[in-house]
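Chain by chain, the residues run as shown.
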Amino acid sequence: RIRTRPALFPAKSNRRAGVIFFKVNGNQLDAKGNFTYNLGKGKREAIIGADGVHGYKETPQTPFIEGEITDRPDLKLADLTSIDNATVTLQLASGKTVVLSDAWYASEGTGNTEEANIGVRFESKYEAQEI
């Protein structure tokens, strides 16, 4: 039996976490570990009265992709912090990709010299898509 190396992101896999790819307008940035995202769907909260639960209310949430990247010589922090109308993608180890359209940079723009990390957060007024 010949064993072949599995594809990086096979269609069906038990892998749920690990390697990720983070891109802004198709340009891959050096992602560091833990990223979080929110699709921007409505947040539901219970409405509670003196006699029990009456139902729920739904309020908007800001869709976002957030994490840390590693600085590199060709990355200009001033350019990064001025990004607007971007397409941001986060490809997960499970094979899922989260896409945020018409996004803007929404973080402090602070770099760290010890690990060369820069916190990034991109937000949009449109719901993110899972593909």
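If you're wondering where the values come from, they're calculated on a predicted model, not measured in any experiment.

### Structural notes on the side chain of Arg121
- Following the sequence through the fold, Arg121 ends up in strand E10 (residues 117–123).
- Only 2.7 Å separates the side chain of Arg121 from the side chain of Glu123, close enough to count as a polar contact.

### Side note on the pairing of strand E4 (residues 43–49)
- Inspection of the sheet shows E4 paired to strand E5 (residues 52–59) by seven bridges, in the antiparallel sense. From the neighbouring strand, Ile48 faces E5, where its bridge partner is Val53.
- Hairpin geometry of E4 and E5 is characterised by an intervening segment of two residues between the two adjacent antiparallel strands.

### Here we look at the environment of Asn85
- Here Asn85 lies in the loop between helix H1 (77–81) and strand E7 (86–91).
- Among the residues examined, Asn85 registers a relative accessible area of 55% and is labelled exposed.
- Distance in space between the C-alpha atoms of Asn85 and Leu100 is 10.0 Å, their sequence separation being 15 residues.
- Apart from the residues within four sequence positions on either side, Asn85 is in contact with Asn25, Asp102 and Ala103.

### Considerations on the layout of surface pockets
- Taken as a whole, the largest pocket encloses approximately 190 Å³ of empty space.
- Val24, Asn25, Asn27, Leu29, Arg72, Asp74, Leu75, Lys76, Asp79, Leu80 and Ile83 are the residues that line the largest pocket.

### Notes on the packing of aromatic side chains
- This structure, assessed with the given rule, holds three aromatic pairs.
- Taking the centre distance of 6.2 Å and the plane angle of 45° together, the rings of Phe22 and Phe122 count as tilted. Of this pair, Phe22 sits in strand E1 (residues 21–24) while Phe122 is found in strand E10, placing the two residues 100 residues apart along the sequence. Residues Phe22 and Phe122 agree in their burial class; the two are buried.
- Judged by centre distance (5.5 Å) and plane angle (80°), the ring pair of Tyr105 and Phe122 falls under edge-to-face. Note that Tyr105 is positioned in strand E8 (residues 97–105) and Phe122 in strand E10, a separation of 17 residues in sequence.
- Counting every residue linked through ring pairs, the aromatic cluster contains Phe22, Phe35, Tyr105 and Phe122.
- Sitting over the face of the ring of Phe64, Arg121 holds its NZ or CZ atom 3.9 Å from the ring centroid.

### A look at the pattern of salt bridges
- If you walk through the whole model with that rule in mind, you get seven salt bridges.
- With a shortest N-O distance of 3.0 Å, Arg121 and Glu66 are connected by a salt bridge. Within this pair, whereas Arg121 is found in strand E10, its partner Glu66 is found in strand E6 (residues 64–70), the two being separated by 55 residues in sequence.
- With a relative accessible area of 29%, Glu66 lands in the partly exposed category.
- Between Arg72 and Asp74 there is a salt bridge, with the nearest N and O atoms lying 2.8 Å from each other.
- A relative accessible area of 24% means that Arg72 is categorised as partly exposed.
- For Asp74, a relative accessible area of 57% gives the class exposed.
- Salt bridges linked by common partners bring Asp30, Arg72 and Asp74 together as one network.

Conventions adopted
Residue positions within a chain follow its written sequence, with the count starting from 1. At least 70 in pLDDT is required for a residue's local features to be given in this predicted model, at least 80 for side-chain atom pairs to be given and counted, and no such filter applies to totals for whole chains, interfaces and linings, which use all residues. Here the side-chain values reflect all heavy atoms present in the structure, with hydrogen atoms and water set aside. Here a helix means four or more residues in a row that DSSP labels H or I, a strand means two or more in a row labelled E, and each is numbered from the N terminus. We define a polar contact as two N or O atoms separated by no more than 3.5 Å, with the added condition that, inside protein, one atom must be a possible hydrogen donor and the other a possible acceptor, whereas residues neighbouring each other in sequence contribute only through side-chain atom pairs. Paired strands, in this sense, are two strands between which DSSP finds at least two bridges. Throughout, exposure labels follow a simple rule: accessible area from a 1.4 Å probe, protein chains only, divided by the maximum for the residue type, with under 20% read as buried, over 50% as exposed, and the rest as partly exposed. The contact rule is simple, with two residues in contact once any of their heavy atoms fall within 4.5 Å. The pocket and cavity definitions rest on a 1 Å grid over protein atoms only: a 1.4 Å probe that fits but cannot leave marks a cavity, an open set with protein on both sides within 12 Å along at least five of seven lines marks a pocket, and residues lining either have an atom within 4 Å of a point. Grid points are joined across faces, edges and corners, and a volume is the space filled by probe spheres set on the points. Under the pairing criterion, centres of Phe, Tyr and Trp rings, with the six-membered ring standing for Trp, must be within 6.5 Å; the plane angle then separates stacked pairs below 30 degrees from edge-to-face pairs above 60, leaving the rest tilted. A ring is considered to have a charge above it if a Lys NZ or an Arg CZ atom is located within 6 Å of its centre and within 35 degrees of its normal. We define a salt bridge as a side-chain nitrogen of Lys or Arg found within 4 Å of a carboxyl oxygen belonging to Asp or Glu.

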